[in-house]
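Structural overview for review
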Amino acid sequence: MAINLRQLLIIFMLVFVSFKSQAQFGFSHEVGVITGPVQFRSDFGQRFNEENNIGNTGYGIGLIHYINFSYRADCNCYTSDTYFNDHFKLRSEISYNKTKLDHFGRWVDETQFGIDGQRLRAHSGEAENFDIGMQLEWFPYSIRAFSSHAGGWAPFASIGVHYTMSNPKQFTTFARQGGSGISDENIFNPDNIYGPWIQASNGEYPIDTSSINAWSVVSSIGTRYKLTILSDLMIDLRFQYYFSDWIDGLNHKLPSNKFNDVLIWLNFGYIYYLD
């Protein structure tokens, strides 16, 4: 996957400095892994069509790290009893997700025998994203109480910012004999893609498969289950809104395209307490 290594190095350094600065205060650490299905909601198909949302489902995997403010690793003791220490954790993450994209809904129904119906049915894509970022997680119930015994539940909500490095792909199998010759299954040939996209493009081609870097805002709700004193299971439903509409490589200008790209990820995780 083509990414900007210089920018990635800068982000890694910022995360590393953050870890080191927090470690000086003695806060404890947790590490974990997450995985689960993702829905990539983009310019493919009808935005609010459930067939489209379910059809454009991929997968995500990630590594996560937590700073636990309620416990001090340097003395094996609790920190000062403040609301922040007992109800917040700082989560850092490196993750990867990939989704194959197709058009679903009435516009690609087999009853649409027109040339543009054929073009849509022949068009597909792929969203491939590498993420790094941080979220602040809020636990409405005491983190200390949850940590003291196995078998408990700890619901949480979070919000944060991620930096996304995307490598989108676009494909078409459309080919026909026309007045301008034989369409060559080239996604950058305007004769091969949905006509209204070209008409509404205002001179900007609606497809771009260049690698793109963009910020996104991430929010989630979930819960942990205390498996053992030193380990938790987690389920987390994430909503991620990108500050770009090119994450999937498609950005047409029709009125139906009112939103930037969005990712919804239901992930399952295992978390281990280091200290």
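The rules we used
- Residues numbered from 1 in each chain as written.
- Predicted model: local features only at pLDDT ≥ 70, side-chain atom pairs only at ≥ 80, totals over all residues.
- Heavy atoms only, no water.
- Helix = DSSP H or I, 4+ residues; strand = E, 2+ residues; numbered from the N terminus.
- Buried < 20%, exposed > 50% of the residue type's maximum accessible area, 1.4 Å probe, protein only.
- Contact = heavy atoms within 4.5 Å.
- Pairing = 2+ DSSP bridges.
- Phe/Tyr/Trp six-rings, centres within 6.5 Å; stacked < 30°, edge-to-face > 60°.
- Core = buried A, V, L, I, M, F, W, Y, C linked by side-chain atoms within 4.5 Å.
- Salt bridge = Lys/Arg side-chain N within 4 Å of Asp/Glu carboxyl O.

**Things to note about the environment of Gly60**
Take Gly60: it is sitting in strand S2 (residues 57–72). On the basis of relative accessible area, Gly60 is assigned to the buried category, the value being 0%. Considered as a pair, Gly60 and Leu266 are 206 residues apart in the sequence and their alpha carbons are 9.0 Å apart. For Gly60, the contacting residues outside a window of four places in its chain are Ile34, Thr35, Gly36, Val38, Tyr96, Asn97 and Trp265.

**Looking at the pairing of strand S4 (residues 88–102)**
Counting buried positions along S4 yields 11 of 15 residues, so the element is predominantly enclosed. Of the pairings in the sheet, the one linking S4 to strand S5 (residues 123–138) comprises 15 bridges and is antiparallel in character. Bridge pairing in S5 links Arg91 to Gln135.

**A closer look at the environment of Phe171**
Here Phe171 shows up in strand S7 (residues 169–172). Taking the C-alpha atoms as reference, Phe171 lies 5.9 Å from Ile187; in sequence the two are 16 residues apart. Excluding residues within four positions of it along the chain, Phe171 makes contact with Ala122, His123, Ser124, Gly125, Glu126 and Ile187.

**A closer look at helix H4 (residues 115–122)**
Within H4, the full set of buried residues consists of Gly117, Arg119, Leu120 and Ala122. On its buried face, H4 sits against S5, S7 and helix H6 (195–199).

**Quick look at the packing of aromatic side chains**
Going through the model one piece at a time under the given rule, you end up with 11 aromatic pairs. Seen from their ring centres, Phe139 and Phe156 are 5.5 Å apart, and the 45° between their planes marks the pair as tilted. With Phe139 in the loop between S5 and helix H5 (143–147) and Phe156 in strand S6 (residues 153–166), the pair connects residues that are 17 residues apart, well separated along the chain. A residue is classified by how much of its surface remains accessible, and Phe139, at 2% relative accessible area, is buried. Overall, Phe156 belongs to the buried group, its relative accessible area being 4%.

**Digging into the pairing of strand S11 (residues 231–242)**
Relative to S11, strand S10 (residues 212–228) runs antiparallel, the two sharing 12 bridges. Within S11, the residue paired with Lys226 across the bridge is Asp232. Sheet analysis places S11 next to strand S12 (residues 262–273), joined by 11 bridges and oriented antiparallel. In the strand pairing of S12, Asp232 is matched with Ile271.

**Here we look at the nonpolar core**
Grouped together as the largest cluster of nonpolar side chains are 31 residues, with contacts concentrated most on Phe40, Ile64, Trp197, Met234 and Ile247. Elements that contribute at least two residues to this core include exactly strand S1 (27–41), S2, H5, S6, S10, S11 and S12. The element best represented in this core is S12, accounting for 4 residues. Apart from the residues lying within four places of it in its own chain, the contact partners of Trp197 are His103, Leu120, His123, Pro206, Leu250, His252 and Leu254.

**Digging into the pattern of salt bridges**
The tally for this structure, following the rule as stated, stands at 14 salt bridges. Lys253 is the salt-bridge partner of Glu204, the closest N and O atoms lying 3.3 Å from each other. Remark: Lys253 occurs in the loop between S11 and S12 and Glu204 occurs in the loop between H6 and S10; sequence separation between them is 49 residues. With a relative accessible area of 38%, Glu204 lands in the partly exposed category. Here Lys253 falls in the partly exposed class, since its relative accessible area comes to 36%.

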